[in-house]
Amino acid sequence: MLASKRILLGITGGIAAYKTTFLTRLLIKAGAEVRIVMTESAGDFVSPLTLATLSRNPVHTAFIREEEGTTDWNNHVELGLWADLMLIAPATANTLSKMASGTCDNLLLGCYFSAKCPVFFAPAMDLDMYRHPATRESIEKLQGFGNILIPAASGELASGLEGEGRMAEPEEIVRQLEQGLLARMPWKGKHVLITAGPTYEPIDPVRFLGNHSSGKMGFELARAAAERGAKVTLVTGPTGEEIAHPLVICIRVRTAREMLDAARSHFGAADVVIGAAAVSDYRPAEIRDQKIKKAAEELELKLVRNPDIIRTLAGEREHQYIVGFALETENEAANALEKLRRKNLDAIVLNSLRDSGAGFGGDTNKVSFVDKNSQITPFELKSKAEAARDILHEIDKRISK
Ligand code: C5P
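Remember, predicted model here, so these are calculated numbers, not experimental data.

1. As for the pairing of strand E12 (residues 231–236)
In summary, the side chains of a regular strand alternate between the two faces of the sheet.
So, step 1. Burial of E12 is extensive: five of the six residues sit out of reach of the surface.
So, step 2. Summarising the sheet, E12 and strand E13 (residues 248–252) pair through five bridges and their orientation is parallel. Note that in E13 the partner of Thr236 across the bridge is Arg252.

Listed below in C-alpha coordinates is the structure:
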(Lines give C-alpha, C1' and ligand atoms only; values in the text may rest on other atoms or scores of the structure.)
Protein backbone atom coordinates (compact mmCIF):
# COMPACT_ATOMS: atom_id res chain seq x y z
CA MET A 1 0.00 0.00 0.00
CA LEU A 2 2.75 2.44 0.89
CA ALA A 3 5.12 1.37 -1.87
CA SER A 4 6.30 4.42 -3.82
CA LYS A 5 4.00 6.70 -1.81
CA ARG A 6 5.50 10.11 -1.06
CA ILE A 7 5.09 10.68 2.64
CA LEU A 8 5.71 14.02 4.31
CA LEU A 9 6.30 13.36 8.00
CA GLY A 10 5.83 16.34 10.32
CA ILE A 11 7.34 15.88 13.77
CA THR A 12 6.43 18.17 16.65
CA GLY A 13 8.04 18.56 20.06
CA GLY A 14 6.88 15.81 22.35
CA ILE A 15 8.81 12.97 23.95
CA ALA A 16 7.12 10.54 21.54
CA ALA A 17 9.22 12.18 18.81
CA TYR A 18 11.91 9.60 19.60
CA LYS A 19 9.59 6.94 18.17
CA THR A 20 9.66 8.63 14.77
CA THR A 21 13.05 7.04 14.12
CA PHE A 22 11.36 3.62 14.17
CA LEU A 23 8.39 4.99 12.28
CA THR A 24 10.64 6.41 9.53
CA ARG A 25 12.44 3.09 9.27
CA LEU A 26 9.13 1.24 8.86
CA LEU A 27 7.91 3.64 6.20
CA ILE A 28 11.13 3.30 4.22
CA LYS A 29 10.97 -0.48 4.57
CA ALA A 30 7.41 -0.37 3.21
CA GLY A 31 8.84 1.27 0.08
CA ALA A 32 7.68 4.83 0.78
CA GLU A 33 9.67 7.93 -0.06
CA VAL A 34 9.90 9.98 3.12
CA ARG A 35 10.66 13.66 3.62
CA ILE A 36 10.64 15.14 7.09
CA VAL A 37 9.85 18.57 8.48
CA MET A 38 10.06 19.17 12.20
CA THR A 39 9.36 21.99 14.61
CA GLU A 40 12.29 23.50 16.44
CA SER A 41 11.28 21.89 19.73
CA ALA A 42 11.04 18.45 18.09
CA GLY A 43 14.80 18.78 17.61
CA ASP A 44 15.20 18.69 21.42
CA PHE A 45 13.77 15.17 21.46
CA VAL A 46 15.19 13.56 18.34
CA SER A 47 18.18 14.41 16.18
CA PRO A 48 17.59 15.70 12.65
CA LEU A 49 20.78 13.89 11.65
CA THR A 50 19.33 10.52 12.71
CA LEU A 51 16.13 11.23 10.82
CA ALA A 52 17.93 12.51 7.73
CA THR A 53 20.02 9.33 7.67
CA LEU A 54 17.01 7.05 8.10
CA SER A 55 14.81 8.92 5.62
CA ARG A 56 17.68 9.39 3.11
CA ASN A 57 16.60 13.01 2.70
CA PRO A 58 17.55 16.28 4.38
CA VAL A 59 15.34 17.22 7.31
CA HIS A 60 13.96 20.76 7.41
CA THR A 61 12.96 22.88 10.39
CA ALA A 62 12.87 26.45 9.18
CA PHE A 63 11.59 28.36 6.16
CA ILE A 64 15.08 29.73 5.63
CA ARG A 65 17.74 27.11 4.89
CA GLU A 66 19.97 26.59 7.88
CA GLU A 67 23.27 26.62 5.91
CA GLU A 68 25.47 29.69 6.31
CA GLY A 69 25.34 32.31 3.62
CA THR A 70 22.45 30.77 1.66
CA THR A 71 19.57 32.74 0.26
CA ASP A 72 17.65 29.53 -0.32
CA TRP A 73 14.44 28.74 1.48
CA ASN A 74 12.43 25.62 2.10
CA ASN A 75 9.38 25.84 -0.05
CA HIS A 76 6.42 24.70 2.04
CA VAL A 77 4.07 24.86 -0.96
CA GLU A 78 6.31 22.58 -2.99
CA LEU A 79 6.68 20.13 -0.08
CA GLY A 80 2.94 20.20 0.59
CA LEU A 81 2.15 19.50 -3.05
CA TRP A 82 4.88 16.86 -3.37
CA ALA A 83 3.27 14.65 -0.77
CA ASP A 84 0.80 11.83 -1.50
CA LEU A 85 0.16 11.73 2.21
CA MET A 86 1.11 13.91 5.17
CA LEU A 87 1.49 12.47 8.64
CA ILE A 88 1.94 14.63 11.72
CA ALA A 89 3.36 12.43 14.47
CA PRO A 90 3.60 13.13 17.27
CA ALA A 91 1.08 15.97 17.11
CA THR A 92 1.29 18.07 20.25
CA ALA A 93 -1.63 20.02 21.74
CA ASN A 94 0.10 23.21 20.60
CA THR A 95 0.39 22.10 16.94
CA LEU A 96 -3.13 20.64 16.87
CA SER A 97 -4.48 23.97 18.09
CA LYS A 98 -2.53 25.90 15.45
CA MET A 99 -3.66 23.52 12.69
CA ALA A 100 -7.25 23.95 13.80
CA SER A 101 -7.09 27.74 14.10
CA GLY A 102 -5.06 28.53 10.99
CA THR A 103 -1.90 29.72 12.73
CA CYS A 104 1.07 29.29 10.42
CA ASP A 105 4.22 30.20 12.32
CA ASN A 106 6.61 27.46 11.24
CA LEU A 107 7.55 25.37 8.20
CA LEU A 108 5.61 22.32 9.36
CA LEU A 109 2.39 24.31 9.59
CA GLY A 110 3.12 25.96 6.24
CA CYS A 111 3.36 22.48 4.70
CA TYR A 112 0.17 21.40 6.44
CA PHE A 113 -1.81 24.34 5.08
CA SER A 114 -0.36 23.77 1.59
CA ALA A 115 -0.95 20.01 1.46
CA LYS A 116 -3.65 18.79 -0.92
CA CYS A 117 -3.21 15.15 0.05
CA PRO A 118 -4.81 13.18 2.90
CA VAL A 119 -3.41 14.34 6.26
CA PHE A 120 -3.15 11.93 9.17
CA PHE A 121 -2.29 13.08 12.69
CA ALA A 122 -1.24 11.08 15.73
CA PRO A 123 -1.65 13.10 18.94
CA ALA A 124 0.68 12.51 21.87
CA MET A 125 0.46 14.31 25.19
CA ASP A 126 -0.27 13.86 28.83
CA LEU A 127 -3.71 12.52 29.67
CA ASP A 128 -5.16 15.75 31.07
CA MET A 129 -3.99 17.68 28.04
CA TYR A 130 -5.50 15.02 25.77
CA ARG A 131 -8.78 15.18 27.64
CA HIS A 132 -8.92 18.98 27.77
CA PRO A 133 -11.92 20.42 25.92
CA ALA A 134 -9.65 22.71 23.95
CA THR A 135 -7.69 19.73 22.61
CA ARG A 136 -10.89 17.76 21.94
CA GLU A 137 -12.19 20.76 20.04
CA SER A 138 -9.03 21.02 17.93
CA ILE A 139 -9.19 17.31 17.09
CA GLU A 140 -12.84 17.48 16.13
CA LYS A 141 -12.22 20.53 14.01
CA LEU A 142 -9.38 18.81 12.19
CA GLN A 143 -11.55 15.75 11.55
CA GLY A 144 -14.14 18.14 10.19
CA PHE A 145 -11.48 19.39 7.72
CA GLY A 146 -11.15 15.77 6.55
CA ASN A 147 -7.90 15.07 8.41
CA ILE A 148 -7.62 11.56 9.78
CA LEU A 149 -7.05 10.96 13.46
CA ILE A 150 -4.78 8.14 14.59
CA PRO A 151 -5.96 8.08 18.20
CA ALA A 152 -3.57 8.10 21.11
CA ALA A 153 -3.33 4.86 23.05
CA SER A 154 -3.66 4.24 26.77
CA GLY A 155 -0.74 3.29 28.92
CA GLU A 156 2.16 4.62 30.89
CA LEU A 157 2.95 8.22 30.04
CA ALA A 158 6.27 10.03 30.23
CA SER A 159 4.97 11.99 33.23
CA GLY A 160 4.59 8.75 35.15
CA LEU A 161 0.80 8.96 34.97
CA GLU A 162 -1.27 6.21 33.39
CA GLY A 163 -3.95 6.93 30.84
CA GLU A 164 -4.79 7.97 27.30
CA GLY A 165 -2.26 10.14 25.51
CA ARG A 166 0.56 7.86 24.34
CA MET A 167 1.24 8.21 20.66
CA ALA A 168 0.11 5.11 18.75
CA GLU A 169 3.02 2.70 18.23
CA PRO A 170 4.84 3.04 14.88
CA GLU A 171 3.51 -0.34 13.65
CA GLU A 172 -0.02 0.79 14.50
CA ILE A 173 0.49 4.11 12.71
CA VAL A 174 1.67 2.30 9.57
CA ARG A 175 -1.34 -0.04 9.77
CA GLN A 176 -3.72 2.90 10.07
CA LEU A 177 -2.08 4.75 7.18
CA GLU A 178 -2.54 1.67 5.00
CA GLN A 179 -6.13 1.25 6.10
CA GLY A 180 -6.89 4.93 5.65
CA LEU A 181 -5.43 4.92 2.15
CA LEU A 182 -7.34 1.81 1.20
CA ALA A 183 -10.60 3.40 2.28
CA ARG A 184 -9.72 6.36 0.06
CA MET A 185 -9.33 4.24 -3.03
CA PRO A 186 -12.62 4.64 -4.81
CA TRP A 187 -11.55 2.55 -7.80
CA LYS A 188 -10.48 -0.49 -5.81
CA GLY A 189 -11.65 -3.56 -7.76
CA LYS A 190 -11.78 -1.66 -11.06
CA HIS A 191 -9.53 -2.38 -14.01
CA VAL A 192 -8.25 0.43 -16.21
CA LEU A 193 -6.65 -0.11 -19.60
CA ILE A 194 -4.53 2.74 -20.97
CA THR A 195 -2.64 3.11 -24.22
CA ALA A 196 0.28 5.53 -24.21
CA GLY A 197 3.23 6.83 -26.20
CA PRO A 198 3.95 6.72 -29.92
CA THR A 199 4.05 3.70 -32.18
CA TYR A 200 7.07 2.91 -34.32
CA GLU A 201 6.26 1.39 -37.70
CA PRO A 202 9.34 -0.27 -39.20
CA ILE A 203 10.47 0.63 -42.71
CA ASP A 204 13.58 -1.53 -42.78
CA PRO A 205 15.77 -3.08 -40.06
CA VAL A 206 17.05 0.35 -38.94
CA ARG A 207 14.32 2.87 -39.76
CA PHE A 208 10.80 3.49 -38.65
CA LEU A 209 7.88 5.85 -38.98
CA GLY A 210 7.11 7.43 -35.60
CA ASN A 211 6.14 10.61 -33.80
CA HIS A 212 7.20 12.82 -30.91
CA SER A 213 4.75 11.55 -28.28
CA SER A 214 6.57 11.26 -24.95
CA GLY A 215 4.02 8.98 -23.29
CA LYS A 216 3.97 11.25 -20.22
CA MET A 217 0.22 11.86 -20.21
CA GLY A 218 -0.57 8.14 -20.44
CA PHE A 219 1.92 7.30 -17.69
CA GLU A 220 0.42 9.99 -15.42
CA LEU A 221 -3.05 8.58 -16.11
CA ALA A 222 -1.77 5.15 -15.10
CA ARG A 223 -0.33 6.58 -11.86
CA ALA A 224 -3.52 8.50 -11.10
CA ALA A 225 -5.71 5.43 -11.73
CA ALA A 226 -3.49 3.32 -9.46
CA GLU A 227 -3.68 6.06 -6.81
CA ARG A 228 -7.43 5.54 -6.92
CA GLY A 229 -6.86 1.86 -6.22
CA ALA A 230 -7.53 0.52 -9.73
CA LYS A 231 -5.52 -2.25 -11.34
CA VAL A 232 -3.97 -0.72 -14.41
CA THR A 233 -2.74 -2.24 -17.64
CA LEU A 234 -0.62 0.30 -19.45
CA VAL A 235 0.16 -0.59 -23.05
CA THR A 236 2.84 1.75 -24.24
CA GLY A 237 4.80 2.37 -27.38
CA PRO A 238 8.53 3.18 -27.18
CA THR A 239 9.20 5.86 -24.55
CA GLY A 240 11.78 6.67 -21.91
CA GLU A 241 9.08 6.86 -19.25
CA GLU A 242 9.22 4.37 -16.40
CA ILE A 243 6.59 3.31 -13.92
CA ALA A 244 7.01 1.21 -10.79
CA HIS A 245 3.71 0.81 -9.01
CA PRO A 246 2.42 -2.45 -7.61
CA LEU A 247 -1.00 -1.89 -9.24
CA VAL A 248 0.36 -1.12 -12.71
CA ILE A 249 1.34 -3.71 -15.31
CA CYS A 250 3.27 -2.07 -18.12
CA ILE A 251 3.33 -3.80 -21.50
CA ARG A 252 5.81 -2.36 -23.96
CA VAL A 253 5.05 -2.65 -27.68
CA ARG A 254 6.36 -1.00 -30.84
CA THR A 255 3.77 -1.02 -33.60
CA ALA A 256 0.07 -0.15 -33.74
CA ARG A 257 -0.83 -3.73 -34.48
CA GLU A 258 1.13 -4.96 -31.46
CA MET A 259 -0.60 -2.28 -29.38
CA LEU A 260 -4.01 -3.40 -30.59
CA ASP A 261 -3.24 -7.07 -29.82
CA ALA A 262 -2.03 -6.24 -26.31
CA ALA A 263 -4.94 -3.88 -25.59
CA ARG A 264 -7.46 -6.36 -26.94
CA SER A 265 -6.27 -9.15 -24.70
CA HIS A 266 -6.92 -6.95 -21.62
CA PHE A 267 -10.08 -5.30 -22.90
CA GLY A 268 -12.56 -7.86 -21.57
CA ALA A 269 -11.45 -7.31 -17.97
CA ALA A 270 -11.40 -3.52 -18.26
CA ASP A 271 -14.00 -1.15 -16.79
CA VAL A 272 -12.41 2.02 -18.14
CA VAL A 273 -10.30 2.33 -21.29
CA ILE A 274 -8.28 5.43 -22.10
CA GLY A 275 -6.55 5.84 -25.45
CA ALA A 276 -3.76 8.31 -24.80
CA ALA A 277 -1.42 6.79 -27.40
CA ALA A 278 -0.39 8.73 -30.47
CA VAL A 279 -0.86 5.84 -32.84
CA SER A 280 0.65 6.09 -36.29
CA ASP A 281 -2.27 6.22 -38.69
CA TYR A 282 -0.25 4.54 -41.44
CA ARG A 283 2.53 1.98 -41.70
CA PRO A 284 4.78 1.03 -44.58
CA ALA A 285 3.04 -1.53 -46.79
CA GLU A 286 6.12 -3.71 -46.67
CA ILE A 287 9.04 -3.92 -44.29
CA ARG A 288 12.26 -4.32 -46.23
CA ASP A 289 14.52 -7.15 -45.04
CA GLN A 290 17.65 -5.12 -45.72
CA LYS A 291 18.50 -1.49 -45.02
CA ILE A 292 17.30 0.67 -47.92
CA LYS A 293 20.33 1.93 -49.80
CA LYS A 294 20.74 5.54 -50.80
CA ALA A 295 20.50 5.48 -54.61
CA ALA A 296 17.85 7.34 -56.55
CA GLU A 297 17.05 11.04 -55.91
CA GLU A 298 13.55 10.11 -54.85
CA LEU A 299 12.20 7.27 -52.82
CA GLU A 300 8.57 6.36 -52.59
CA LEU A 301 7.19 4.54 -49.63
CA LYS A 302 3.78 3.01 -49.92
CA LEU A 303 1.81 3.31 -46.70
CA VAL A 304 -1.28 1.43 -45.61
CA ARG A 305 -3.78 2.32 -42.89
CA ASN A 306 -3.21 1.08 -39.39
CA PRO A 307 -6.11 -0.17 -37.34
CA ASP A 308 -7.73 2.48 -35.15
CA ILE A 309 -7.20 0.90 -31.74
CA ILE A 310 -9.70 2.84 -29.68
CA ARG A 311 -12.35 2.64 -32.37
CA THR A 312 -11.84 -1.10 -32.76
CA LEU A 313 -12.17 -1.59 -29.01
CA ALA A 314 -15.26 0.64 -28.88
CA GLY A 315 -16.79 -1.58 -31.58
CA GLU A 316 -16.30 -4.57 -29.28
CA ARG A 317 -17.60 -2.73 -26.20
CA GLU A 318 -19.46 -4.70 -23.57
CA HIS A 319 -19.67 -2.48 -20.51
CA GLN A 320 -16.46 -0.43 -20.79
CA TYR A 321 -16.36 3.36 -20.46
CA ILE A 322 -14.09 4.41 -23.32
CA VAL A 323 -12.20 7.70 -23.53
CA GLY A 324 -10.05 8.93 -26.40
CA PHE A 325 -7.76 11.90 -26.88
CA ALA A 326 -7.99 14.52 -29.59
CA LEU A 327 -5.24 16.90 -30.52
CA GLU A 328 -6.81 19.70 -32.53
CA THR A 329 -5.57 22.89 -34.11
CA GLU A 330 -8.86 24.46 -35.23
CA ASN A 331 -12.61 24.14 -34.47
CA GLU A 332 -11.44 22.20 -31.46
CA ALA A 333 -14.71 21.40 -29.71
CA ALA A 334 -16.64 20.58 -32.90
CA ASN A 335 -13.85 18.35 -34.21
CA ALA A 336 -13.49 16.60 -30.85
CA LEU A 337 -17.22 15.87 -30.73
CA GLU A 338 -17.21 14.63 -34.29
CA LYS A 339 -14.29 12.30 -33.41
CA LEU A 340 -16.10 11.08 -30.31
CA ARG A 341 -19.14 10.13 -32.38
CA ARG A 342 -17.15 8.61 -35.24
CA LYS A 343 -15.16 6.42 -32.87
CA ASN A 344 -18.18 5.60 -30.71
CA LEU A 345 -16.50 6.87 -27.52
CA ASP A 346 -18.02 7.89 -24.20
CA ALA A 347 -15.78 10.92 -23.87
CA ILE A 348 -12.79 12.58 -25.41
CA VAL A 349 -9.99 14.62 -23.87
CA LEU A 350 -9.28 17.62 -26.02
CA ASN A 351 -5.80 19.13 -26.25
CA SER A 352 -5.61 22.28 -28.21
CA LEU A 353 -2.28 22.93 -29.86
CA ARG A 354 -3.17 26.61 -29.74
CA ASP A 355 -2.66 26.59 -25.96
CA SER A 356 0.97 27.11 -25.05
CA GLY A 357 2.20 24.48 -22.60
CA ALA A 358 -0.22 21.88 -23.94
CA GLY A 359 0.41 18.71 -25.89
CA PHE A 360 3.53 16.70 -26.68
CA GLY A 361 6.69 16.35 -24.66
CA GLY A 362 6.28 18.91 -21.87
CA ASP A 363 5.28 18.32 -18.29
CA THR A 364 2.14 20.45 -18.49
CA ASN A 365 -1.12 20.14 -20.33
CA LYS A 366 -4.29 22.11 -20.84
CA VAL A 367 -7.23 19.86 -21.51
CA SER A 368 -10.99 19.93 -21.83
CA PHE A 369 -13.11 16.92 -21.05
CA VAL A 370 -15.84 16.47 -23.63
CA ASP A 371 -18.50 13.83 -23.00
CA LYS A 372 -21.00 12.19 -25.33
CA ASN A 373 -23.75 14.55 -24.12
CA SER A 374 -21.63 17.41 -25.50
CA GLN A 375 -20.86 18.63 -22.00
CA ILE A 376 -17.49 20.36 -22.13
CA THR A 377 -15.41 20.83 -18.96
CA PRO A 378 -12.34 22.98 -19.56
CA PHE A 379 -9.35 22.92 -17.19
CA GLU A 380 -6.51 25.34 -16.55
CA LEU A 381 -2.93 24.69 -17.65
CA LYS A 382 -1.64 22.15 -15.12
CA SER A 383 1.05 19.55 -14.59
CA LYS A 384 0.24 16.37 -16.50
CA ALA A 385 -0.11 14.60 -13.14
CA GLU A 386 -2.83 17.03 -12.07
CA ALA A 387 -4.48 16.95 -15.50
CA ALA A 388 -4.60 13.15 -15.18
CA ARG A 389 -6.38 13.43 -11.83
CA ASP A 390 -8.90 15.87 -13.33
CA ILE A 391 -9.61 13.51 -16.22
CA LEU A 392 -10.17 10.56 -13.88
CA HIS A 393 -12.39 12.70 -11.67
CA GLU A 394 -14.57 13.51 -14.70
CA ILE A 395 -14.73 9.83 -15.67
CA ASP A 396 -15.58 8.90 -12.08
CA LYS A 397 -18.49 11.35 -12.00
CA ARG A 398 -19.97 9.64 -15.05
CA ILE A 399 -19.35 5.99 -14.20
CA SER A 400 -20.55 6.22 -10.61
CA LYS A 401 -23.89 7.78 -11.54
O1 C5P B 1 -8.11 10.11 -35.08
P2 C5P B 1 -7.14 10.62 -34.10
O3 C5P B 1 -5.78 10.00 -34.24
O4 C5P B 1 -7.06 12.10 -33.99
O5 C5P B 1 -7.73 10.13 -32.70
C6 C5P B 1 -7.04 10.22 -31.50
C7 C5P B 1 -7.56 9.18 -30.54
O8 C5P B 1 -7.69 7.92 -31.17
C9 C5P B 1 -6.61 8.92 -29.38
O10 C5P B 1 -7.35 8.49 -28.29
C11 C5P B 1 -5.73 7.80 -29.93
O12 C5P B 1 -5.12 7.06 -28.88
C13 C5P B 1 -6.73 6.99 -30.69
N14 C5P B 1 -6.19 6.28 -31.85
C15 C5P B 1 -6.11 4.90 -31.84
N16 C5P B 1 -5.64 4.23 -32.94
C17 C5P B 1 -5.28 4.91 -34.04
C18 C5P B 1 -5.35 6.31 -34.08
C19 C5P B 1 -5.81 6.96 -32.96
O20 C5P B 1 -6.45 4.29 -30.81
N21 C5P B 1 -4.83 4.23 -35.08
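Continuing now.
2. Looking at the site of the ligand
So, step 1. Around the ligand, the surrounding shell consists of Gly275, Ala277, Val279, Asp281, Pro307, Asp308, Ile309, Ile310, Gly324, Phe325, Lys339 and Lys343.
So, step 2. A distance of 3.5 Å separates a nitrogen atom of the ligand from a polar atom in the side chain of Asp308.
So, step 3. Measuring from an oxygen atom of the ligand, one finds a backbone N or O atom of Phe325 at 2.7 Å.
So, step 4. In isolation the ligand offers 440 Å² of accessible surface; the protein chains occlude 86% of this area.
So, step 5. Counting residues per element, the ones that place at least two in the shell around the ligand are helix H11 (309–315) and strand E17 (321–328).
So, step 6. Residues of the shell around the ligand, tallied by class, amount to six nonpolar, two polar and four charged.

3. Points about the packing of helix H9 (residues 216–227) against helix H13 (residues 384–399)
So, step 1. It is the contact of H9 with H13, at a shortest axis distance of 8 Å, that shows an interaxial angle of 55°. Relative to H13, the element H9 is oriented oblique. You can see that H9 and H13 cross each other, and the crossing is right-handed. The residues of H13 that touch H9, namely those facing Lys216, Met217, Glu220, Leu221, Ala224, Ala225 and Glu227, are Lys384, Ala385, Ala387, Ala388, Arg389, Ile391 and Leu392.
So, step 2. Here the contact of H9 with H13 is built from residues that sort into nine nonpolar, no polar and five charged.

4. Regarding the packing of aromatic side chains
So, step 1. The full count for this structure, using the stated rule, is two aromatic pairs.
So, step 2. Ring plane angle 65° and centroid distance 5.0 Å describe the contact between Tyr112 and Phe113, whose orientation is recorded as edge-to-face.
So, step 3. Residue class for Tyr112 comes out buried when judged on its relative accessible area of 7%.
So, step 4. For Phe113, a relative accessible area of 36% translates into the label partly exposed.
So, step 5. Between Tyr200 and Phe208 the ring centres are 3.8 Å apart and the planes differ by 10°, which places this aromatic pair in the stacked class.
So, step 6. What makes Phe208 partly exposed here is its relative accessible area of 39%.
So, step 7. Above the ring of Trp82, the side-chain terminus of Arg35 is found at 4.9 Å from the ring centroid.
So, step 8. Of note, Arg136 hangs over the ring of Tyr130, and the distance from its end group to the ring centre comes to 4.8 Å.

5. Remarks on the packing of helix H4 (residues 93–101) against helix H5 (residues 107–114)
Each packed pair of helices is defined by two parameters, the angle between the axes and the distance between the axes.
So, step 1. With their axes 11 Å apart at the nearest point, H4 and H5 run at an angle of 40° to one another. In terms of orientation, H4 and H5 fall into the oblique class. Once H4 is placed against H5, the crossing between them reads as right-handed. Contacts between H4 and H5 involve Thr95, Lys98 and Met99 from the first element and Leu108, Leu109, Tyr112 and Phe113 from the second.

6. Description of the domain arrangement of the protein
Interfaces are often sized by the accessible area lost when the parts come together.
So, step 1. According to the domain assignment, the protein contains domain 1 (6–184) and domain 2 (191–399).
So, step 2. The C-alpha centroid of domain 2 is placed 41 Å from the C-alpha centroid of domain 1.

7. A look at the nonpolar core
Where a protein is soluble and globular, its nonpolar side chains tend to be buried together.
So, step 1. The biggest cluster of nonpolar side chains holds 32 residues, and the ones touching the most others in it are Leu221, Ile274, Phe369, Ile391 and Ile395.
So, step 2. When residues of this core are traced back to their parent elements, those giving at least two are strand E9 (191–196), H9, E12, strand E14 (272–275), E17, strand E18 (347–352), strand E20 (367–371) and H13.
So, step 3. No other element matches H9, which puts seven residues into this core.
So, step 4. Those residues within four positions of Ile274 in sequence are excluded, and the remaining contacts are Leu193, Ile194, Thr195, Leu221, Ile310, Val323, Phe325, Leu392 and Ile395.
So, step 5. Counting 31 residues, the second-largest nonpolar core is a separate cluster that includes Ala32, Ala42, Leu87 and Ile173.

8. Observations concerning the sheet that holds E12
So, step 1. Pairing is mixed in the open sheet, where eight strands are placed in the order E13-E12-E9-E14-E17-E18-E20-E21. In this open sheet, the two strands that pair with only one neighbour each are E13 and strand E21 (376–378). Across the sheet, the axes of successive neighbouring strands diverge by a mean angle of 15°, strand direction being ignored.
So, step 2. Relative to E12, E9 runs parallel, the two sharing six bridges. Looking across to E12, one finds that His191 is bridged to Lys231.
So, step 3. Strand contacts of H9: E9, E12, E13, E14 and E17, with the helix running at about 170° to E12, the strand carrying the most contacts.
So, step 4. Across the sheet, helix H10 (residues 256–267) touches E9, E12, E13, E14 and E17, and the angle it forms with E9 is around 175°.

9. Digging into H10
So, step 1. Helix length check: H10, at 12 residues, gives a terminal C-alpha distance of 16 Å against a target of 16 Å (1.5 Å per residue), a fit within 8%.
So, step 2. Among the residues of H10, those classed as buried are Ala256, Met259, Leu260, Ala262, Ala263 and Phe267.

Rules used throughout
- Residues numbered from 1 in each chain as written.
- Predicted model: local features only at pLDDT ≥ 70, side-chain atom pairs only at ≥ 80, totals over all residues.
- Heavy atoms only, no water.
- Buried < 20%, exposed > 50% of the residue type's maximum accessible area, 1.4 Å probe, protein only.
- Helix = DSSP H or I, 4+ residues; strand = E, 2+ residues; numbered from the N terminus.
- Pairing = 2+ DSSP bridges.
- Near = heavy atom within 4 Å.
- Polar contact = N/O pair within 3.5 Å; in protein donor to acceptor, adjacent residues only side chain to side chain.
- Areas by Shrake-Rupley, 256 points an atom, 1.4 Å probe, with all protein chains shown as cover.
- Nonpolar A, V, L, I, M, F, W, Y, C, P; charged D, E, K, R; others polar.
- Axes fitted to C-alpha atoms, helices over the stretch in contact; angles between N-to-C directions.
- Parallel < 35°, antiparallel > 145°, perpendicular 65-115°, else oblique.
- Left-handed = near helix turned anticlockwise from the far one by under 90°.
- Contact = heavy atoms within 4.5 Å.
- Phe/Tyr/Trp six-rings, centres within 6.5 Å; stacked < 30°, edge-to-face > 60°.
- Lys NZ or Arg CZ within 6 Å of the ring centre and 35° of its normal.
- Domains from an automatic or database assignment.
- Core = buried A, V, L, I, M, F, W, Y, C linked by side-chain atoms within 4.5 Å.
- Expected span 1.5 Å × (residues − 1).

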